[in-house]
Every structure is written in structure tokens, then in C-alpha cells.
Amino acid sequence: MNIVVLMKQTVDTEAKIVLNSDGKIDTNGVTLVINPLDEYAIEEALRIKERLGGEVTIVTLGGDQATAAVRSALAMGADKAVQINDPALGEVDEGMAATILAKAVQTLPHDIVLAGVMDTDNGSAQVAVRMAEKMELPSISSVTKLDIDESLATAKRVIDGGLATLEVTLPAVITVVQGINEVRYPSVAGIMKAKKKPLTVLKLSDLGLDASNLAVQAKVLKFTLPIPRQGGKKLPGEPAEAASLLARLLREEAKVL
């Protein structure tokens, strides 16, 4: 079984987010990690490999700093990795990412492609399914349970109010949600072995692409932080008086009445 996992490096969800003067996330001094939802995809790939045999290949699009996340994925147990790293690339939107990743995955043997349902930095749930469309592969998103039987995958996916069970013929693209499994920690031996596992770095030209022909269709102009929570108020007076004051505050200040 040839298993490909799409992985993205994102800002640690425990990090304190600070915006720079351009309204963009300032990554200076911030820990960058494997997108947490992609960790579930890596774990699911490793479990498929353990049941059925085969090889797990990580594919990522990112600059030099993304190499650390790739090595972390290899330390978990993936066999090899492909990193698309081209200085000619500037800002990349979901459409561009899907195009580039589709070209990369097409160069690899792939019976199934796994990814996290979304990235935790942009909240986008687009790239994997758009890549599947470009590759003319079937896809199932938001999967919470996955079974593989030869060339058939049976997936339970989250829908409004419940779960839906779908079957799809492989090859296919599957995006997974938190809870599909319990992610393992890299072992010391795994970390040491990861240093020697193959990591192929590709430029756009290696995929038959040119940065000048890839245009950003959707651009994030700026981010804004949520309004900080204010401290609570202690209302004085007798219960009836306090209730009257509370009603006025909810109406005039909180605007909820």
C-alpha cells in the first residue's frame, strides 16, 4: 500500500499570537509545528502500513523552516518525504497549493492520500479536496473512522447531526478529523533514524511548473485579534435592585436584550 500524507507546518496552537504592522501573524520567536490535524493523518497512515504493509511518504509545501516538521513526521515512522521549496514562490493561496501538491503527488505511487481536514492557522479546509479534483480522484472529508479492504475504503464522516458511511474505490483522497486515532510520540530511535531517511527537495521546475504562471486568486489582507475579555462586574444592592440593574446592563451595554 503506497500511502501519501499531505502535511503543513503551522504556528503552535499554544503560542501567543502577535500581529505585525502589516496585520499579518508575526512568526518571529514562535514555535512552528506539524499542523495538529495532519498529525492524525500521519498516524492513520502508519496504522494502515502496520496492517497492510507498504510505504508512507510525506509531502509538504514550505520553505527551509518546514524541514524540521518534515523530520518530525519521519521520526513518527514515515518512510520518506518530498518537500517543495522554491524561492520563486511568494504568497501561496489554497488554489496554488492544490495545483503544486497535485503535481508532486502525481510523481509518486499513491493508493491513498491522507491529510488533516484543515490547517489550524488559516482554518482552510480546501487544499486536499481541491487537489483531489485536479487529480480527478474521489475524496471524502471529515473522516472519523477509516477501513481499507484491498482496493476499497470505507469511511465514516462527520455530518450535521451524525455520521455518514461512504465507500470509495482507491486511489482516493481522505481528510481526517481529531479523534480518528491517538497520535504516537516519536521515539528516541525514531528521531535518530529520521536523520537518515530520504528527503527529496523539489523546485517548481522539477514538477513542470513556473511561478510566473501561478497566480494568487484569494489573498488575506490582514488578521485582527479578538477583543480581549473584560473582567466581570459585581452588582450591588438587594436582589430586586440588582436584577433591574442587570437587565439594564444587558440591554444597554451588552446589547443582548
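For the structure, check the block above.
Would you mind going over helix α4 (residues 127-135) with me for this structure?
Counting along an α-helix, one turn takes 3.6 residues, and residues three or four places apart therefore face a common direction. Turning to α4, its buried residues are Ala128, Met131, Ala132 and Met135. Across the axial projection of α4, the buried residues extend over an arc of 105°, all falling on one side. Structurally, α4 contributes buried residues whose contacts are with β1 (2-7), α3 (94-106), β6 (112-116), β7 (139-149) and β10 (172-176). Remark: Glu136 follows α4 within two positions and exhibits a positive phi of approximately 60°.

Would you mind going over unusual backbone geometry with me for this structure?
Negative phi values dominate among residues other than glycine, just as trans dominates among peptide bonds. Of note, the bond from Leu170 into Pro171 is cis; its omega dihedral lies within 30 degrees of zero at 5°. Inspection of the secondary structure assignment puts Pro171 in the loop between β9 (162-169) and β10. At Ser142, a residue that is not glycine, the phi angle is positive and equals roughly 60°. Residue placement: Ser142 occurs in strand β7. Even without a glycine there, the phi angle at Glu150 is positive, about 55°.

What am I meant to see in the environment of Leu163 here?
Relative to the helices and strands, Leu163 is located in strand β9. Filtering out sequence-adjacent residues up to four positions away, Leu163 remains in contact with Thr144, Lys156, Arg157 and Val158.

Analysis parameters
Residues numbered from 1 in each chain as written. Predicted model: local features only at pLDDT ≥ 70, side-chain atom pairs only at ≥ 80, totals over all residues. Heavy atoms only, no water. Buried < 20%, exposed > 50% of the residue type's maximum accessible area, 1.4 Å probe, protein only. Helix = DSSP H or I, 4+ residues; strand = E, 2+ residues; numbered from the N terminus. Arc of directions from axis to C-beta. Contact = heavy atoms within 4.5 Å.

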